[in-house]
Amino acid sequence: MLQIINFFWQICLLRESPEGLPSSRFSTGATFLTYLAIALGVVILTRPDQPLSTITGTLAIGLTLQAGVTFLLLQFKGYRHRFNATWSALLGANTIMLLILLPFNFIILNSDNDAVLMFADSATWVCLGWWLAIAGYIYHKSIEVSVFQGAVIAFLIEFIGVIIAFNLFPR
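Rules used throughout
- Residues numbered from 1 in each chain as written.
- Predicted model: local features only at pLDDT ≥ 70, side-chain atom pairs only at ≥ 80, totals over all residues.
- Heavy atoms only, no water.
- Axes fitted to C-alpha atoms, helices over the stretch in contact; angles between N-to-C directions.
- Helix = DSSP H or I, 4+ residues; strand = E, 2+ residues; numbered from the N terminus.
- Parallel < 35°, antiparallel > 145°, perpendicular 65-115°, else oblique.
- Left-handed = near helix turned anticlockwise from the far one by under 90°.
- Contact = heavy atoms within 4.5 Å.
- Nonpolar A, V, L, I, M, F, W, Y, C, P; charged D, E, K, R; others polar.
- Core = buried A, V, L, I, M, F, W, Y, C linked by side-chain atoms within 4.5 Å.
- Buried < 20%, exposed > 50% of the residue type's maximum accessible area, 1.4 Å probe, protein only.
- Disulfide = S-S within 2.5 Å.
- Polar contact = N/O pair within 3.5 Å; in protein donor to acceptor, adjacent residues only side chain to side chain.
- Patch = residues over 30% accessible without salt bridge, like charges linked within 9 Å, V, L, I, M, F, W, Y side chains within 5 Å.
- Areas by Shrake-Rupley, 256 points an atom, 1.4 Å probe, with all protein chains shown as cover.
- Salt bridge = Lys/Arg side-chain N within 4 Å of Asp/Glu carboxyl O.
- 1 Å grid on protein atoms, 1.4 Å probe; cavity = no way out; pocket = protein on both sides within 12 Å on 5 of 7 lines; lining within 4 Å.
- Points joined across faces, edges and corners; volume = space filled by probe spheres on them.

Visitor: When you look at the packing of helix 2 (residues 25-46) against helix 3 (residues 52-77) in this model, what are you seeing that I'm missing?
Guide: Packed helices, taken two at a time, are described by their axes: the angle between them and the distance between them. Axis separation between helix 2 and helix 3 bottoms out at 11 Å; the angle between their running directions is 140 degrees. It follows from the interaxial angle that helix 2 and helix 3 lie oblique. For helix 2 against helix 3, the interelement crossing comes out right-handed. Across the interface between the two elements, Phe32, Tyr35, Leu36, Ala39, Leu40, Val43 and Ile44 of helix 2 pack against Leu52, Ile55, Thr56, Leu59 and Leu63 of helix 3. Classifying every residue of the contact of helix 2 with helix 3 by side-chain character gives eleven nonpolar, one polar and no charged.

Visitor: Just checking my understanding: could you explain the nonpolar core for this structure?
Guide: The nonpolar side chains of soluble globular proteins are, as a tendency, buried together. Counting residues in hydrophobic clusters, the biggest one holds 38 residues, and the most contacted among them are Ile11, Trp131, Ile134 and Tyr139. Mapped by element, the contributors of at least two residues to this core are helix 1 (2-12), helix 2, helix 3, helix 4 (83-110), helix 5 (114-143) and helix 6 (147-168). When residues no more than four places from it in sequence are discounted, the contact partners of Ile134 are Ile11, Cys12, Leu14, Ala93 and Met97.

Visitor: Could you clarify how one ought to interpret the state of the cysteines in this entry?
Guide: When the sulfur atoms of two cysteines share a covalent bond, that bond is a disulfide. Applying the stated rule across the entire model yields zero disulfides. With no disulfide of its own, Cys127 lies closest to Cys12 among cysteine sulfurs, the gap being 10 Å.

Visitor: Please explain the side chain of Thr46 as it appears in this structure.
Guide: With respect to the helices, strands and loops of the structure, Thr46 is situated in helix 2. A polar side-chain atom of Thr46 sits 2.8 Å from the main-chain carbonyl oxygen of Val42. Not counting residues within four places of it along the chain, the set of residues in contact with Thr46 comprises Leu102, Asn105 and Leu109.

Visitor: Would you explain helix 1 in this entry?
Guide: What sets the pattern is the α-helix's 3.6 residues per turn: residues three or four places apart point alike. Every buried residue belonging to helix 1 is among Phe7, Phe8, Gln10, Ile11 and Cys12, and all of these are buried. Looking at the buried side of helix 1, the elements it contacts are helix 2, helix 4 and helix 5. Just downstream of helix 1, Leu14 is the residue with a positive phi angle, here 65 degrees.

Visitor: Teacher, can you tell me more about a nonpolar patch on the surface here?
Guide: Together, Phe148, Val152, Phe155, Leu156, Phe159, Ile160, Ile163, Ile164 and Leu168 line one region of the surface with nonpolar side chains, adding up to about 830 Å² of accessible area. Mapped onto the elements, Leu156 comes out in helix 6.

Visitor: Can you walk me through the layout of surface pockets in this structure?
Guide: Where empty space is left becomes clear once a probe the size of a water molecule has been rolled over the atoms. A volume near 1700 Å³ is recorded for the largest pocket. Arg47, Thr58, Leu98, Glu158 and Val162 are, among the 42 residues lining the largest pocket, the residues nearest its centre. Elements with a minimum of two residues in the lining of the largest pocket: helix 2, helix 3, helix 4, helix 5 and helix 6. Among the residues forming the lining of the largest pocket, the class breakdown is 27 nonpolar, ten polar and five charged. Here the second largest pocket is characterised by a volume of approximately 380 Å³. Around the second largest pocket, the lining is made up of 20 residues, and of these Ile4, Ile5, Phe8, Thr31 and Thr34 lie nearest the centre. Looking at the lining of the second largest pocket, the elements that each hand over two or more residues are helix 1, helix 2 and helix 4. Looking at the lining of the second largest pocket, the element that brings in the most residues is helix 2, giving seven residues.

Now the structure itself:
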């Protein structure tokens, strides 16, 4: 288990490539279930005011969009066989990023100190940039685009997911 976590951490540090992951449905399914459990837990903890239907709907939209766009890009480039490893890498790296962001989200929720809030808010922006670099690197290795193009793809997936979620689940 520690080897898998370390491998995803190495992906986050841009030292490993998704091709090092097994390209099996089982490993992708296990990574997906782990991501889903951690993402649900993190969102429930950090957004206790949102109903469970909104949380699950938002996660479903994001996951479906990410999987769909990734599959279509890999299909277009002729690398459909890389889907399981690519999506596992995205999910595993995203899981680690969620865990890194958790303390900053708690600070934002529970602090009244402006300096501490500014630090936590800045850290979340840094983590967003880091996530875009990670996803860009994963797409770079998987579909053979530049890291910048991969980061733009990841940003557009996130942006479109947020727009869809806000329209389907207004506050």
